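Listed below are the residues making up each chain.
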Amino acid sequence: QVQLVESGGGLVQAGGSLRLSCAASGRTFSSYAMAWFRQAPGNKRESVAGISWNGGNTYYADSVKGRFTISRDNAKNTVYLQMNSLKPEDTAVYYCAALVGFTVDPGTSLGADRDVRFWGQGTQVTVSS
């Protein structure tokens, strides 16, 4: 069992930056690939970024490439999402997820139903125009 707690969300103006953190409990954190998903009102939950167990592979949705960076620190049991050049369309609840496998494919999006083993509770990100 892995418990995930997100932090770092908030209100920011368009063009600004936020850094989300996800702290994981349990000694098996380093064996999981991790990801960030987001869900805006009325929309499906979509994958934003993913990272393999050792940070060697990453995946990004086209909508965030070049603006967001996912990273992890296995010594701290934490995964991060650095979000720069934020846009109003980035407004959503952001969820941290521990994935079923230990790696991600840079060219393949992640499925909320297919690929996630554990979810965090979510943190709200609001970008004002």
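Heads up: the structure comes first, above all this text.
Residues numbered from 1 in each chain as written. Predicted model: local features only at pLDDT ≥ 70, side-chain atom pairs only at ≥ 80, totals over all residues. Heavy atoms only, no water.

Asker: What exactly am I supposed to notice about the pattern of salt bridges here?
Answerer: Any two side chains of opposite charge can pair, given that their charged atoms come close. Per the counting criterion, the structure on display carries five salt bridges. With a closest N to O distance of 2.7 Å, Arg38 and Glu46 form a salt bridge. Given a relative accessible area of 37%, Glu46 falls into the partly exposed group. One salt bridge connects Lys65 with Asp62, and the closest N-O pair in it is separated by 3.2 Å. A single salt-bridge network, built from bridges that share partners, covers Arg38, Glu46, Arg67 and Asp90. (Salt bridge = Lys/Arg side-chain N within 4 Å of Asp/Glu carboxyl O. Buried < 20%, exposed > 50% of the residue type's maximum accessible area, 1.4 Å probe, protein only.)

Asker: Looking at this model, I keep getting lost on the state of the cysteines. Mind explaining?
Answerer: Considering all chains together, one arrives at one disulfide under this definition. There is a disulfide in this structure between Cys22 and Cys96, and the S-S distance comes to 2.1 Å. Residues Cys22 and Cys96 are joined by a disulfide whose S-S torsion is about -80 degrees; by sign, that bridge is left-handed. Taken as a pair, Cys22 in strand 3 (residues 18–24) and Cys96 in strand 9 (residues 92–99) lie far apart in primary sequence, 74 residues in all. Here the two residues Cys22 and Cys96 agree in accessibility, since each one is buried. (Disulfide = S-S within 2.5 Å. Helix = DSSP H or I, 4+ residues; strand = E, 2+ residues; numbered from the N terminus.)

Asker: Explanation requested: the environment of Val104 in the structure shown.
Answerer: Structurally, Val104 is set in the loop between strand 9 and strand 10 (116–119). Expressed as a C-alpha distance, the spacing of Val104 and Ala49, which sit 55 residues apart in the sequence, is 9.6 Å. Residue contacts for Val104: discarding those within four places in its chain leaves Ala33, Gly50, Ile51, Ser52, Asn57, Thr58, Tyr59, Leu99 and Leu110. (Contact = heavy atoms within 4.5 Å.)

Asker: Is there a simple way to think about the sheet that holds strand 1 (residues 4–7) in this case?
Answerer: Adjacent strands of a sheet form backbone hydrogen bonds with each other and so pair up, either parallel or antiparallel. The strand order across the open sheet built from four strands is 1-3-8-7, with neighbouring strands paired in antiparallel fashion. Every other strand in the sheet has two partners, leaving strand 1 and strand 7 (68–73) as the edge strands with one partner each. Strand after strand, the sheet turns through a mean of 15 degrees between neighbouring axes, direction not considered. Examined bridge by bridge, strand 1 and strand 3 share four bridges and lie antiparallel to one another. Residue pairing for strand 3: Glu6 is matched across the bridge by Cys22. (Pairing = 2+ DSSP bridges. Axes fitted to C-alpha atoms, helices over the stretch in contact; angles between N-to-C directions.)

Asker: So what exactly am I meant to see when it comes to the packing of aromatic side chains here?
Answerer: Two measures describe an aromatic ring pair: the distance that separates the ring centres and the angle between the ring planes. Applying the stated criterion across every chain yields a total of three aromatic pairs. Pairing Tyr32 with Phe118 gives two aromatic rings, centres 6.0 Å apart and planes at 80 degrees, and the pair type is edge-to-face. Of this pair, Tyr32 sits in the loop between strand 3 and strand 4 (34–39) while Phe118 sits in strand 10, and the two are 86 residues apart along the sequence. Ring geometry for Tyr95 versus Trp119: centroids 6.1 Å apart, planes at 80 degrees, classification edge-to-face. Note that Tyr95 is positioned in strand 9 and Trp119 in strand 10, a separation of 24 residues in sequence. Here Tyr95 falls in the buried class, since its relative accessible area comes to 13%. A network of ring pairs unites the aromatic residues Phe37, Tyr95 and Trp119 as a single cluster. In this structure, Arg45 packs its charged tip against the face of Trp119, placed 4.5 Å from the ring centre. (Phe/Tyr/Trp six-rings, centres within 6.5 Å; stacked < 30°, edge-to-face > 60°. Lys NZ or Arg CZ within 6 Å of the ring centre and 35° of its normal.)

Interpretation note: all reported values are geometric properties and have no functional meaning in isolation.
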